[in-house]
Amino acid sequence: MNVAIVGATRGMGRALARRLAERGDALFLLGRDEAEMDLSARDLEARGAPASVGQARLDLGEPDGFAAALDAADRGLSRMDALVVTGGLFARQEELAADPARLAALLHGNFTGTVLLCQQAAERLAGRGGGLVCAFGSVAGDRARRGNYLYGASKAGLAAFLDGLDLAYRGRGVRVLCVKPGFVRTSMTDGLPVPPFAGEPEAVARRVVAAMDAGCHQVYVPGAWRVVMLLIRALPRAVLRRVQF
Amino acid sequence: MTRVPGRVPAMEDVAGWGRHPVTRGRVERPEDLSLPEDGEPLVPRGLGRAYGDAALPAAPGGLVLESTRADRIRSFEPATGRLHCEAGLSLAEVLRLFVPRGWFPPVTPGTKFVTVGACVACDVHGKNHHRDGSFGNYVDRLTLRTASGRLVECGPDRERELFLATVGGMGLTGLIVDVTLRLRRIESPWIVLETQGVAGLDAMLEGLRLSATHWPYTVGWIDCLARGRDLGRGILMRGRHATQVEAGTRGRPRPALPLRVPFDAPEWLLNPLFMRWFNRLYAWSHGTALKRRIVSHDAFFYPLDAVGQWNRLYGRRGFLQYQCVLPRAAGPRPVAVLLERLAVAGAASFLAVIKDCGPASDAYLSFPIEGTTLALDLPNRGAVTEALVHDLNATVIEYGGRVYLAKDAVTRAEDFARMMPRLGEWRAVRDHWDPEHRFRSALSVRLFGDRA
């Protein structure tokens, strides 16, 4: 595959890009920090990416730049046939609640920006016979919790969009995959209390790549979260009101 | 900057691989190895395989900076084997990525779950020390983040004093950010292994000496509960990388089944009787005949890595690992004295590892010197075990030997000073680059008088 990836410099995105590089997929990095992308590109090349790994600037908060970034990816990869968006913003509920500007930026990047980017990419891929669009939601979007419903809302909206995108574009050859990570140990979650079923980025990457290959429309990582979320979604509202959850 | 504003790392238990001592610390795992701006003291840490207190904060609740997420490869030259990587890259990753391409770490300790940065900071040695020396010999360049936050490059030919103080300097001269090292060419991922049972210490030392001329990797396992005539009884092992012809049609070694010790073993498990029989069984399983076979590099270099968290076998109180080296000039006697003392105390556990070392490195605090090194586990029984270590240290000092800081948890400052003739030079370089001793650890408080 020729994969353009947003957010490959850190955490799950880094692990995922490595896994793709090691099996020989061509990669193109999109992101905000060019120095960081430079370092990650060299890392991916040393790990086996087939050609030199290119990069272009993309900020999920600035949709005006998306077309140019996708053009650059198309040029760098000869022809992009997959877009993966692992990047996103995260902050704790109390941080978001206290700072409306920060909340707006998070909603704008995680939802508006990601939706606009994926929509554009899907259209582009459909026009040339198909491909893959993959973006990272979160289990936090599956059911609102009082502890992180602001972040969760941005991911719930994204999940609904990806669900629809899959229905709309699969007939035109575009597969859409929504990844729903539970708690994964990365620098994003550093310092937060670690719940049961916490996962490692490398294990997440393995599962996501398998789901990409299998053409799934949704994958929970680590796998245990699929069952956990099934139960949590089934909880009656009265219970949710009562427990500190 | 990966630090999330307003988020402080949670307090957690921090211990070395020996699980003694244990303290509390705030562990940060940044991807970019920057230092906090407030100048707070900190201790660098890799994968936590040092046994004692080398990567424990100086005071409970102190800051620990774990490097494992700084693990990017900056470049690799396939023509020369030069690898430039961030300090948190593990040897396990180096092996996974580069063995299939025909390259091997130039020096490897007995576990692959160590970071490249820690290999430098401890100047680790391996089964090839008699021939190839220690890890620092293969390092061309280091980037260090010094106490002021500035990045400084050093190497054998640049800022040489800082380099010599950092190799083996236990992370106390600055934070190692990236490392350029030279990998070794290999023809196959397989090892030609010869094992032979030996009856006693003299035969073991002689076997190591004779093997050293033709074999790049040598090591002996000693039953340290054997006494008298049997003192030093054990198994001699020697190995080399197999050629393509020897490897034949074998492909890649298959990864071992993931085994783990799921919980702390009970205290009574490692009683002297059990250990005596374990050691006998181990010796018996190898026999005395010379045997040659081909094994994977994992089986040869990292037998213990096959069992995840094997340190739990020593129960909740943990264990101390004792490793010393005795100079060749002192002859075999001090080795015999140490083994005798251990056998009498009945304190040692399964097996001791014995190995001959080649010439010492120029690095000020590098552990190996030309002679014989002995490493063994001592289940932690509190004051008794500490007293035994001090007692062993007295013998080691008497004969001009020293202990290995990556294993140590209890050696006294005055004893360590008597073991290391170049300690003063090291202190001077450290003071120059880090006058406030911002980089400090439980070990540096214990041995170098840093403030807790």
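Just so it is clear, the structure is predicted and the values come from calculations on it, not from any experiment.

Rules used throughout
- Residues numbered from 1 in each chain as written.
- Chains lettered and ligands numbered in written order.
- Predicted model: local features only at pLDDT ≥ 70, side-chain atom pairs only at ≥ 80, totals over all residues.
- Helix = DSSP H or I, 4+ residues; strand = E, 2+ residues; numbered from the N terminus.
- Buried ≥ 20, exposed ≤ 12 C-beta atoms within 10 Å, placed from the backbone.
- Contact = placed C-beta atoms within 7 Å.
- Pairing = 2+ DSSP bridges.
- Core = buried A, V, L, I, M, F, W, Y, C linked by C-beta atoms within 7 Å.
- Domains from an automatic or database assignment.
- Arc of directions from axis to C-beta.

A. Quick look at the overall build of chain B. Along chain B, the regular secondary structure elements total 13 helices and 21 strands. Expressed along its principal axes, the backbone C-alpha trace of chain B runs to roughly 60 × 55 × 45 Å. In chain B, which comprises 452 residues, the proportion classed as buried is 51%. Taking the intrachain contacts of chain B between residues at least 6 apart in sequence as the baseline, contacts between residues at least 24 apart amount to 76%.

B. Focus on the pairing of strand 8 (residues 139-145) of chain B. Residue and element names in this part refer to chain B. The buried count for strand 8 comes to 5 of 7 residues, which makes it a mostly enclosed element. Two elements, strand 8 and strand 10 (residues 175-182), share 6 bridges in a ladder whose sense is antiparallel. Bridged to R145 within strand 10 is L175. Connecting the antiparallel pair strand 8 and strand 9 (residues 151-154) is a turn made up of 5 residues, with G149 showing a positive phi of about 95°.

C. Representation of the nonpolar core within the structure. If you look at the biggest cluster of nonpolar residues, it comprises 118 residues, and the most contacted ones within it are V116, C119, V120, I176 and V179 of chain B. Looking at this core, the element that brings in the most residues is strand 18 (residues 319-327) of chain B, giving 6 residues. Inspection of this core shows a minimum of three residues originating in each of domain 1 (73-186) and domain 2 (190-414) of chain B. Apart from residues no more than four positions distant in its own chain, C119 of chain B is found in contact with L91, V114, V124 and F135 of chain B. Core analysis: the second largest hydrophobic core is formed by 73 residues, V3, L27, A56 and L83 of chain A among them.

D. Up close: helix 3 (residues 66-76) of chain A. All names here are of chain A. Of the positions making up helix 3, those classed as buried are F66, A69, L70, A72, A73 and G76. Viewed end-on, helix 3 has its buried residues packed into an arc of 155°, placing them on one side of the element. Every exposed residue of helix 3 that faces more than 90 degrees away from the buried side is listed here: A67 and A68. Those residues of helix 3 hidden inside the fold are in contact with strand 1 (2-6), strand 2 (26-31), strand 3 (54-57) and helix 5 (100-126).

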